[in-house]
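Reading the structure
Next come the chains, spelled out residue by residue.
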Amino acid sequence: MINFNINIDQYNILIVGSGNIAKRRLKKILSSSKKIKINLISPTTDQELNKILKDNENIKFKKRKFKKSDIINNQIILACTNDSKVNEKISIISKEMKLLINDASNKKNSNFQFTSILKINSFLNMSLNSNGKNPSYSKESRILIEKIFIKSIKKLLKISNINPNKKNSGISIKKYNSDIIKKLEVEINNSIINILKK
């Protein structure tokens, strides 16, 4: 697999299901874009989902079971029901229509995966993924990096004088191989080893 970013504003997204995974992915999509058109299909709902629907007019919700015709006019499909057979059916139809599909119950039925995003600042994000093998591993790694390294990364970016507004900041590659960077690398590695030993 390869990681790449898509401007989802131009696409219609279909989410089938309303459980925890569906809600988590729905919130992730909404955090990325408020303009995206989302179609949500599920025979059930809950208080949390009702609030999301109320706060976002760009979501069209149909309280019923999935129909094959629901896929029409959508380009990105998320099969997030609690029935693996229904998810597989959605995946098969989506692939036949050459659409992007993510099956929450079986990564083998998916042709794209969600990544765990680590926001460094307004200019920089880090994307972590396990190629669909173990999403919880990506999530746990992101949390670990956030807790331990995020402040240090921000400080390093600040003192390096890299200008995010310039395409070419003019920073020499030698700067990244400097003694300061090498010492920091050794100290961070030693700190991690000492923490894990305790």
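Residues numbered from 1 in each chain as written. Predicted model: local features only at pLDDT ≥ 70, side-chain atom pairs only at ≥ 80, totals over all residues. Heavy atoms only, no water.

1. Observations concerning the nonpolar core
Spelled out, the test is: Put simply, a nonpolar core is a bunch of buried Ala, Val, Leu, Ile, Met, Phe, Trp, Tyr and Cys residues held in one set by side-chain atoms that sit within 4.5 Å of each other. Accessibility here uses a 1.4 Å probe with only protein chains present; expressed as a share of the type maximum, an area under 20% marks a residue as buried, one over 50% as exposed, and anything in between as partly exposed. Working definition: helices are DSSP H or I runs of at least four residues, strands are E runs of at least two. Numbering for both runs from the N terminus. Residue contacts are defined here by distance: any two heavy atoms, one from each residue, within 4.5 Å place the two residues in contact.
By size, the foremost hydrophobic cluster in this structure holds 18 residues, and its most contacted members are Ile-13, Ile-15, Leu-26, Ile-29, Ile-38, Ile-59 and Leu-78. At the level of elements, β1 (12-16), α1 (20-32), β2 (37-41), α2 (47-55) and β4 (76-79) are the ones that each hand at least two residues to this core. Examining the composition of this core, we find that four residues originate from one element, α1, more than from any other. Discounting chain neighbours no more than four positions away, the residues touching Ile-59 are Leu-26, Leu-30, Ile-38, Leu-40, Ile-52 and Leu-53.

2. Details of the sheet that holds strand β3 (residues 59-62)
In a beta sheet, neighbouring strands are held together by backbone hydrogen bonds and run either parallel or antiparallel to one another. This is how it is decided: Two strands form a pair only when DSSP identifies at least two bridges running between them. For every element, the axis is a line fit to its C-alpha atoms; helices are fit only across the contacting stretch, and the angle between N-to-C directions ranges from 0 to 180 degrees.
Strand order across the open sheet formed by five strands is β3-β2-β1-β4-β5, with parallel pairing between neighbours. In this open sheet, the two strands that pair with only one neighbour each are β3 and β5 (100-103). On average, each strand axis in the sheet is inclined to that of its neighbour by 15°, with strand direction left out of account. Relative to β3, β2 is paired through four bridges, and the arrangement is parallel. Opposite Asn-39, over in β3, you have Lys-60 as the bridge partner. α1 contacts β1, β2, β3, β4 and β5 of the sheet and is inclined by roughly 160° relative to β1.

3. Section: helix α3 (residues 84-96)
In plain terms, the rule: By this rule, a helix spans an expected 1.5 Å times one less than how many residues it contains. Distance and chemistry together define a polar contact, namely a pair of N or O atoms within 3.5 Å, with one atom able to donate a hydrogen and the other to accept it when in protein, and with adjacent residues in sequence counting only for side-chain atoms on both sides.
Over its 13 residues, α3 extends 18 Å from the first C-alpha to the last, a length consistent with the 18 Å expected when each residue adds 1.5 Å. Where α3 is concerned, the buried positions are Asn-87, Ile-90, Ser-91, Ile-93 and Ser-94. Packing partners of the buried residues in α3 comprise β1, β4 and β5. Of the residues that open α3, the one with a side-chain oxygen 3.0 Å from the backbone nitrogen of Lys-85 is Asp-83. Two residues or fewer past α3, Lys-98 is found with a positive phi of approximately 60°.

4. Some thoughts on the pattern of salt bridges
The test is simple: Salt bridge, as used here, is a side-chain nitrogen of Lys or Arg placed within 4 Å of a carboxyl oxygen of Asp or Glu.
Enumeration according to the criterion identifies five salt bridges in this entry. Put simply, Lys-27 and Glu-48 hold a salt bridge, and the shortest N to O gap is 2.8 Å. In this pair, Lys-27 is assigned in helix α1 and Glu-48 in helix α2, connecting sequence segments 21 residues apart. For Lys-27, a relative accessible area of 40% puts it in the partly exposed group. Put simply, Asp-70 and Arg-64 hold a salt bridge, and the shortest N to O gap is 2.6 Å. Each of Lys-23, Lys-27, Asp-46 and Glu-48 takes part in salt bridges that share partners, so that together they form one network.

5. Some remarks on the packing of aromatic side chains
Centre distance and the angle of the planes are the two values used to describe a pair of aromatic rings. Test applied: Planes of paired rings set the category: under 30 degrees apart is stacked, over 60 is edge-to-face and the rest tilted, where pairs are Phe, Tyr or Trp rings (Trp by its six-membered ring) whose centres lie within 6.5 Å.
Applying the stated criterion across every chain, the model contains one aromatic pair. Between Phe-112 and Phe-114, the aromatic rings sit 5.7 Å apart at their centres with planes inclined by 50°, giving tilted as the arrangement.

6. Some details on the confidence of the model for the protein chain
Just so we agree on the cut-off: Within a predicted model, pLDDT stands for the predictor's per-residue confidence, ranging from 0 to 100.
Residues with a pLDDT of 70 or more make up 73% of the protein chain, whose mean pLDDT is 82. The least confident element of the protein chain is helix α6 (residues 173-176), whose mean pLDDT is 55; the most confident is β4, at 98.

7. Quick word on the side chain of Asn-56
Assignment of secondary structure puts Asn-56 in the loop between α2 and β3. Looking at Asn-56, its side chain comes within polar contact range of the main-chain oxygen of Ile-52, at 2.8 Å.

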